[in-house]
Amino acid sequence: PNTISDLTDQRITRYTTIGLLIIVTLGFLTWLVGRSVLRSTRRALLKENLAASISHELKTPLASMRLLVDVLLEEEEGFDESKTREYLQIISKENLRLSALVDNFLTFSQLERQSDAFSPSRLDPGELLQDSGATAKRTFAGDRLTVEPMPSLRPIHADRPAMMTALLNLLDNACKYSPKEKQVTLRGYHLGSDVCFEVEDQGTRLSKSQTKRIFQIFQRLDHEDSNIPGCGLGLHIVQSIVQKLGGRVEVNSSHETGNRFRILMPAVEPRATSGLGRQVQP
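Engineer: What exactly am I supposed to notice about the packing of helix α3 (residues 125–141) against helix α4 (residues 160–176) here?
Structural biologist: Two numbers describe a pair of packed helices, the interaxial angle and the distance between the axes. Taken N-terminus to C-terminus, the directions of α3 and α4 make an angle of 45°; their axes are 9 Å apart at the nearest point. One element, α3, and the other, α4, form an angle in the oblique class. In this structure, α3 meets α4 at a crossing whose hand is right-handed. Residue-level contacts link L128, D131, S132, T135, A136, F140 and A141 of α3 to R160, M163, M164, L167, L168, L171, D172 and C175 of α4.

Have a look at this one:
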């Protein structure tokens, strides 16, 4: 009897174990299928939102350029030189804005495909600051932007076009959300073993909850001016680029007015420990 009872217990244990394995396997397969479905749904929504964003964002500069060209072509008594120059300058700025939008969408598409298309090289941070500042002034910042690079910044290892895209997105964001009479400052300095690229605006201070979600994709914060252009891609692209290049992005809104966005990139060469001390943010 004991033998029969033992065999019965063994069979029950075996069947129970098999049943649990089947349940666990089915649960795991269900999780995999659900994850795949969620990923497919997310990609579909992402493509839909991206298509809508592209359509919306490209319409404004295209419509503006078309209108200005039509006005010039309708001039019956010849072109007025001052008016023509003014309109051409506006068209030039809109064209630069259009190019920046296209670059953003291409960069976003590249990042979403997990493409390893970046080509890091040794870069001079001072040149990056000056070039991105000059481009921003021509495109959207005008005289509102001040560039303050610290001399003798240590080189970094990064992709130049990608870093330019990240800095221009930060500057564009700062200009859009700062009052027109306020200044935006772009500066560079050493912070520990990193080279810090900082954009300081004088716009509305971000709350702690806003700083946590501001880098999320298609995230746009509520603002008193609902006509500010944008689709919530800029800061997401900044963070994605910087993280892929081995850096990090921070935002500090603890001071009384405005916000400070920082891109921190590791310096190529370590600082000498000769008692000179570290150069940090003033």
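The structure having been displayed, the exposition proceeds.
Engineer: Hey, could you run me through the packing of aromatic side chains in this one?
Structural biologist: Any two aromatic rings considered together are summarised by their centre-to-centre distance and by the angle between their planes. Going through the model one piece at a time under the given rule, you end up with two aromatic pairs. Ring centres of F215 and F261 lie 6.4 Å apart, and the angle between their planes is 80°; this geometry places the pair in the edge-to-face category. With F215 in the loop between α5 (208–213) and α6 (234–244) and F261 in strand β7 (residues 260–266), this pair connects stretches of sequence that are 46 residues apart. You can call F215 buried: its relative accessible area is 8%.

Engineer: Can you help me understand a nonpolar patch on the surface in this one?
Structural biologist: A cluster of nonpolar side chains, namely Y15, I18, I22, L26, F28, L29, W31 and L32, defines an oily patch on the protein surface of about 820 Å² accessible area. Its relative accessible area of 46% is what places F28 among the partly exposed residues.

Thresholds applied
- Residues numbered from 1 in each chain as written.
- Predicted model: local features only at pLDDT ≥ 70, side-chain atom pairs only at ≥ 80, totals over all residues.
- Heavy atoms only, no water.
- Axes fitted to C-alpha atoms, helices over the stretch in contact; angles between N-to-C directions.
- Helix = DSSP H or I, 4+ residues; strand = E, 2+ residues; numbered from the N terminus.
- Parallel < 35°, antiparallel > 145°, perpendicular 65-115°, else oblique.
- Left-handed = near helix turned anticlockwise from the far one by under 90°.
- Contact = heavy atoms within 4.5 Å.
- Phe/Tyr/Trp six-rings, centres within 6.5 Å; stacked < 30°, edge-to-face > 60°.
- Buried < 20%, exposed > 50% of the residue type's maximum accessible area, 1.4 Å probe, protein only.
- Patch = residues over 30% accessible without salt bridge, like charges linked within 9 Å, V, L, I, M, F, W, Y side chains within 5 Å.
- Areas by Shrake-Rupley, 256 points an atom, 1.4 Å probe, with all protein chains shown as cover.
- Salt bridge = Lys/Arg side-chain N within 4 Å of Asp/Glu carboxyl O.

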